[in-house]
Structure formats: structure tokens, C-alpha cells
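Coordinate inspection notes
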Amino acid sequence: MIKIISESFNIESEFEKIANSTSGAYSFFLGTVRSDIIADQRRINGVFLECYEDLAYQQLSQIRLKAIERWKLNGCVIIHRVGNLAVGEKIVLVLTSSSHRDDAIKSCEFIIDNLKIDAAFWKFNIIGSEQIPIQAKEKDRKKFLTWKDVVN
Amino acid sequence: MKINLKYFSWIRVKLKRGQDTIDVVEKITFKKLKPYLIEKDVIFEEIFEDNSTKFFLNLIEINDENIPLNEGDEIAFLPPVTGG
């Protein structure tokens, strides 16, 4: 399941949707808005998430499919929020389930690493009424490259 | 014919708008669209000079700039993504 939404979500509810007796392992990645980000010497009020939804759904579907083809998963949920988010709010959830922890953990990490460089979302720091685009990080690209021998 | 343009991230901020609908000659290519846009707004020069920006035509990345455009096509201007 893939969702791009402006409202928040409940992790326990998302877990219950994919929980079943054949899954003995669940892995979560939850990304939130940090309070320690400072832009232009000023502390941010929050972030704004912009999205090209038609493309993002297509890209997230491809990322999810790659994970399902590579690991033995029973469930795979990706939720990404859009719009204005205050410090501390949830941004993104990746939830995978499997019989064993190795598949659940590795697939979860792969999905968030791939999402960071290949899904049409853009983050802006909010300072006052100003939106300042955040620059893409080279370390995210390098981190994703570590998967090249694991996932085709 | 009409083409829809969608702008994201710093491109949207710089242009102060998220989209345009433009009227162009039939079968214009993406390559020929570039100088047309620069002539309308010099900011496009900076956009096209930025090697990190990707361009998508109807949700597919443009790899060959000689691709002809058709009525109702959507071109998206995408800087490197920063979600998650």
C-alpha cells in the first residue's frame, strides 16, 4: 500500500493493517521533522513538503515492487506526507513485514534509501513565511549506491 | 497547440508560479521549446544550464531532446528530490 497524504497517520493502525500470523518480523522507518535544523542562522518553524503526485506514486510503486521482488515480504507500506509540517511531526513511514527479521529490516532500509533519491518530493525549510528549498545531499546518493549489488 | 509546464522546488520559487500553459507550433521538439521559453523569461536560461535538473514528459524522463511534443503534453521541471 502506498499513500501520499497531508494528514498525519497512526503507526499502530498501519501495523494492524498488515499484521498477520505468518509474519514474525516487522520493520519500521519513521522520518520526522527535526528541531535542530538551522537555515540562514535562523531556527526553522517546520518544513513544507512539495510533491509531483502522479510521478511520485509511479516511483514509489516501482521502489516497492523492487523490494517485494528482492526480499520475501508479507506486507509493505509506504506513507509520505505533503504540505506544511511542524517540528516533531511525522513525514514518512516505511513498514515491512516478513517471516524473518533479515528480510524485513533490509527491505525497509532499501526502500527509504531509494525513496530519498528517486521519489518526486521536495522539502523546504520554513522560516517565518519564507520557504527555503533544501539541497539534495550527496551522502544520500552514495548510501543508495551501496545497494547496487543487492537490488537490480 | 497547448503544452502544460509544471515547476517544482527552487524552479517554482524562482518563477513564482507552479505551472504554465503555453501555446506553441505543432510538433515542436523539446529542444526547440527551450529557446522559446528563454525568450519569454530569462530565468529559463538558468534552469536549462543546471545539469542536475531533470525534465519529464508525461511522467517519462526526457532522454532525447528531439522528441516531438503533442497537444496536451505535460512537461515537468524536476530539481534533485529531497523527500523522506
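Presented here is an overview of the structure given in this document. Bear in mind the structure is a predicted one, so any value in this text is a computation, not a measurement.

With that settled, the discussion passes to the overall build of chain B. Each helix and strand counted, chain B has three helices and five strands in total. Seen in sequence order, chain B has helices and strands lined up from the N terminus as β-α-β-α-α-β-β-β. Over its C-alpha trace chain B gives a radius of gyration of 12 Å, about what one expects of a compact globule, namely 12 Å for 84 residues. Considering only C-alpha atoms, chain B reaches an extent of 40 × 25 × 20 Å along its principal axes. Considering chain B as a whole, with its 84 residues, one finds that 26% of them fall into the buried category. Intrachain contacts of chain B at a sequence separation of at least 6 include 57% that bridge at least 24 residues.

Spatial ordering of the open sheet is given by E2-E1-E5-E3-E4 (chain B), a layout of five strands whose pairing is mixed. Only two strands of the sheet have a single partner each, and these edge strands are strand E2 (19-23) and strand E4 (60-61) of chain B.

Bringing the pairing of strand E9 (residues 121-127) of chain A into the picture now. All names here are of chain A. Within E9, five of the seven residues are buried, which leaves the element mostly enclosed by the surrounding structure. The pairing of strand E5 (residues 46-51) with E9 spans six bridges and is classified as antiparallel. Bridged to Glu50 within E9 is Trp122.

Moving on: the interface of chain A and chain B. Each partner contributes to the interface: chain A provides 23 residues, whereas chain B provides 14 residues. Counting only elements with at least two residues in the side of chain A that touches chain B, the list comes to E5, helix H2 (53-70), helix H3 (101-118), E9 and strand E10 (130-133) of chain A. A total of five residues in the side of chain A that touches chain B trace back to one element, the largest contributor, which is H3 of chain A. Considering only residue class, the side of chain A that touches chain B consists of 14 nonpolar, four polar and five charged.

It is worth spelling out the packing of H3 of chain A against helix H4 (residues 138-145) of chain A at this point. Working note: a packed helix pair is described by the angle between its axes plus the distance between those axes. Residue and element names in this part refer to chain A. Here H3 crosses H4 at 135 degrees, and the two axes come no closer than 9 Å. Relative to H4, H3 is oriented oblique. Read as a crossing pair, H3 and H4 show a hand that is left-handed. Mapping the contact onto sequence places Asp113, Asn114, Lys116 and Ile117 in H3 and Asp140, Arg141, Lys143 and Phe144 in H4. Tallied by class, residues from the contact of H3 with H4 come to two nonpolar, one polar and five charged.

Residue and element names in this part refer to chain A. The contact between H2 and H3 brings their axes to 10 Å, and the two run at 150 degrees. Judged on the interaxial angle alone, H3 and H2 are roughly antiparallel. Note on packing geometry: the crossing formed by H2 with H3 is right-handed. Listed contacts from H3 to Gln59, Leu60, Ile63, Arg64 and Ala67 of H2 are Ser107, Phe110, Ile111, Asn114, Leu115 and Asp118. The residue makeup of the contact of H2 with H3, split by class, is six nonpolar, three polar and two charged.

This part is about the sheet that holds E5 of chain A. Residues and elements named next belong to chain A. Ordered in space as E7-E5-E9-E10, the four strands form an open sheet in which the pairing is antiparallel. Strands at the two margins of the open sheet, each flanked by one partner only, are strand E7 (83-86) and E10. On average, each strand axis in the sheet is tilted by 35 degrees relative to the strand beside it, whichever way the strands run.

So, on to the pairing of E10 of chain A. Residue and element names in this part refer to chain A. Of the two faces of E10, only one is covered, namely that formed by Gln131 and Pro133; the face formed by Glu130 and Ile132 stays uncovered. Here E9 runs beside E10; their pairing, made up of four bridges, is antiparallel. Residue pairing in the sheet places Phe124 in a bridge with Pro133 of E10. Counted along the chain from E9 to the antiparallel partner E10, the turn is two residues long, and its residue Gly128 has a positive phi close to 65 degrees.

Rules behind the numbers
- Residues numbered from 1 in each chain as written.
- Chains lettered and ligands numbered in written order.
- Predicted model: local features only at pLDDT ≥ 70, side-chain atom pairs only at ≥ 80, totals over all residues.
- Helix = DSSP H or I, 4+ residues; strand = E, 2+ residues; numbered from the N terminus.
- Rg over C-alpha atoms; globule rule 2.2 N^0.38 Å.
- Buried ≥ 20, exposed ≤ 12 C-beta atoms within 10 Å, placed from the backbone.
- Contact = placed C-beta atoms within 7 Å.
- Pairing = 2+ DSSP bridges.
- Nonpolar A, V, L, I, M, F, W, Y, C, P; charged D, E, K, R; others polar.
- Axes fitted to C-alpha atoms, helices over the stretch in contact; angles between N-to-C directions.
- Parallel < 35°, antiparallel > 145°, perpendicular 65-115°, else oblique.
- Left-handed = near helix turned anticlockwise from the far one by under 90°.

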